[in-house]
Each structure stands twice: as structure tokens, then as C-alpha cells.
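# Chains, contacts and geometry: an overview
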Amino acid sequence: TTTIINLAITYANLGKKTLLVDGDLRKPVIHKVFDGRKEHGLTHYLSGVETKLEAIIHSTDIHNLDIIYNGAIPPNPSELLGSDLMKDMVTELKEKYDVILFDAPPVMAVTDAVVLSRLTDQFILVVRFGNTDKDSIDHALTALTHVGTSLTGVVFNDLNQKNSYYSKNYYSYNQYYYSTESTS
């Protein structure tokens, strides 16, 4: 969530008309960051409670950044995200926005992210460095491949000097390189 929020703010600051959609319909967080707790959102639209798309799009204090909050937590998130109405909504939004970003639950936890990936042009997998095991990453990539989603890239978060193999070796090499005296 932090990664997608920062990406949305970056695109907006670059002058791109940006929409951030909270597609995590099980444990949403974006409404807490932007104080949109009581706003109508995605589930209101997809369930038919709200019929006007404009009613669920909320502006922010950040120029060029709009948000669609999650709405009420539904009993059937995957079904709503995979619905024809959701597909039509994304098509309509692509005409109005330069960039549309979706926050989604973890790929391994539920099928929602995989279902949502079918509606996107690009998919970025966020991996917690040193915490996410290789088997989980392989499983996530397999699930995405099964629905025809190609991976655009990977973002490693929580990377620091304590858990970075490269950082330790680079530091050791620099220490060795610069501490040796030349004998010429």
C-alpha cells in the first residue's frame, strides 16, 4: 500500500492525471491515509448501491490525484473485482486518466490480486526483502501466468543494510580496496 501510494503521488506530481483505486476489499488501508473513511467507494458502485461513477471518485489535496476508496467490505470481493461492471468501469476510467493504479491484497493471501491483474496493462509485484520466500514468489508468478498477466517488474521493500547481502559484500570490498596500500 505504501509503495502504490508513493507511486500515485509521484505520477500526480509529474503532471499525470492519476487515479488511485483501493482494490483491497478485505483489509483496506488507503482510506486511513487520505481520511476517506466515510466515503462511498468501489464496492458501493460494483454492488449497485451507487450508480454514478463520478460519485465514488474523490479528489485529494494533491493536484492531479483522485481516489476511489474501497467502500463497504463485501462478502464476495473476488466476484465483484471480476465482474463485467468492474471491467466496464476500468475501460471508462482509462479514457479520463493518464495513470490508474490499484492497491491490491497480497497475491498469496487471496485470489483478488490475480483477478484484478487481468484488468491491468502492467503488474508490479512488491516483495518484502528477506521475508518473502522464493516458493511464495514462484507460486505468485505461476498464478499470474495462469491468467495471462505478465510481470512488469518487482519492487523490493524493507531493504536495509542489515538484510542486504549485496550491501555487506560491497562494503567489505570497498573497505578492502581502499585500505590496501600499493607497493609500486
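Anything mentioned here points back to the structure above.
Now for a quick tour of the structure. (Residues numbered from 1 in each chain as written. Predicted model: local features only at pLDDT ≥ 70, side-chain atom pairs only at ≥ 80, totals over all residues. Heavy atoms only, no water.)

## Topic: the overall build of the protein chain
Applicable threshold: Numbering goes from the N terminus for both helices and strands, where a helix is a DSSP run of H or I of at least four residues and a strand is a run of E of at least two. The buried label goes to any residue with under 20% of its type's maximum accessible area, the exposed label to any with over 50%, and the partly exposed label to all in between, with areas taken from a 1.4 Å probe on protein chains only. Note on areas: these come from Shrake-Rupley sampling with a 1.4 Å probe, and a residue is covered only by the protein chains present in the view.
For the protein chain, the helix and strand inventory stands at eight helices and six strands. Starting at the N terminus, the α and β elements of the protein chain follow one another as α-β-α-α-β-β-α-α-β-α-β-α-β-α. Within the protein chain, the proportion of its 184 residues that are buried is 37%. For the protein chain, the exposed area adds up to about 11600 Å²; of that, 51% sits on carbon and sulfur atoms.

## Quick notes on the nonpolar core
As a rule of thumb, soluble globular proteins bury nonpolar side chains together. Put simply, the test is: What we call a nonpolar core is a set of buried Ala, Val, Leu, Ile, Met, Phe, Trp, Tyr and Cys residues that are connected through their side-chain atoms within 4.5 Å. Pairs of residues are marked as contacts when any of their non-hydrogen atoms sit within 4.5 Å.
Judged by nonpolar contacts, the single largest core of 21 residues is most densely connected at Leu42, Ile68, Met86, Met89 and Leu93. Contributions of two or more residues to this core are made by strand 1 (18–22), helix 3 (42–46), helix 4 (77–81), helix 5 (84–96) and helix 6 (112–117). Among the elements that take part in this core, helix 5 stands out by supplying four residues, more than any other. What Met86 contacts, discounting residues up to four positions off in sequence, is Leu42, Leu46, Leu80, Leu81, Phe102, Leu116 and Leu119.

## Describing the sheet that holds strand 1
So the rule is basically this: Being paired, for any two strands, means DSSP has found at least two bridges between them. Under this scheme, a helix contributes an axis fitted over its contacting stretch, all axes are lines through C-alpha atoms, and angles between N-to-C directions fall in the 0 to 180 degree range.
Pairing is mixed in the open sheet, where four strands are placed in the order 2-3-1-4. Each end of this open sheet is capped by a strand with a single partner; those strands are strand 2 (57–59) and strand 4 (99–103). Between one strand axis and the next, the sheet turns through 25° on average, direction left out of account. Direction of pairing for strand 2 relative to strand 3 (residues 65–68): antiparallel, over a ladder of three bridges. The partner of Ser59 across the bridge, within strand 3, is Asp66.

## Some points on the environment of Asp158
Inspection of the secondary structure assignment puts Asp158 in the loop between strand 6 (153–157) and helix 8 (165–179). Relative accessible area serves as the criterion here: at 37%, Asp158 is assigned to the partly exposed category. In this structure, the C-alpha to C-alpha distance between Asp158 and Asn131, residues 27 residues apart in sequence, is 8.9 Å.

## Quick look at unusual backbone geometry
Trans is the common state for peptide bonds, and a negative phi is the common state for residues other than glycine. Even without a glycine there, the phi angle at Asn64 is positive, about 80°. Tracing the sequence through the fold places Asn64 in the loop between strand 2 and strand 3. Take Asn64: its relative accessible area is 24%, and that puts it in the partly exposed class.

## Things to note about the environment of Thr1
Within the secondary structure, Thr1 is located in the segment before helix 1 (2–13). A C-alpha to C-alpha distance of 6.0 Å links Thr1 and Asp103, two positions 102 residues apart in sequence. Sequence-distant contacts of Thr1, that is, excluding residues within four places in its chain, are made with Val29, Ile30 and Asp103.

## A few points about the pairing of strand 3
Alternating positions in strand 3 separate into two faces, Leu65 and Ile67 on one and Asp66 and Ile68 on the other, with burial throughout. Here four bridges tie strand 1 to strand 3, and the two strands are oriented parallel to one another. Counterpart to Leu20 in the pairing with strand 3 is Ile67. The antiparallel pairing of strand 2 with strand 3 creates a hairpin that spans five residues between the two strands, and Asn64 there sits at a positive phi of about 80°.

## Observations concerning helix 1
Operational definition: By this rule the span expected of a helix is its residue count minus one, scaled by 1.5 Å. Directions are taken from the helix axis to each C-beta atom, and the arc is the one they span.
With 12 residues, helix 1 extends 16 Å from end C-alpha to end C-alpha; this agrees with the ideal 16 Å at 1.5 Å per step. What helix 1 keeps buried is the set Ile4, Ile5, Ala8 and Ala12. Buried positions in helix 1, seen along its axis, are confined to an arc of 100° and lie on one side of it. Facing away from the buried side of helix 1, by more than 90 degrees, are the exposed residues Thr2 and Asn13. With its phi angle positive at about 90°, Gly15 sits one or two positions after the end of helix 1.

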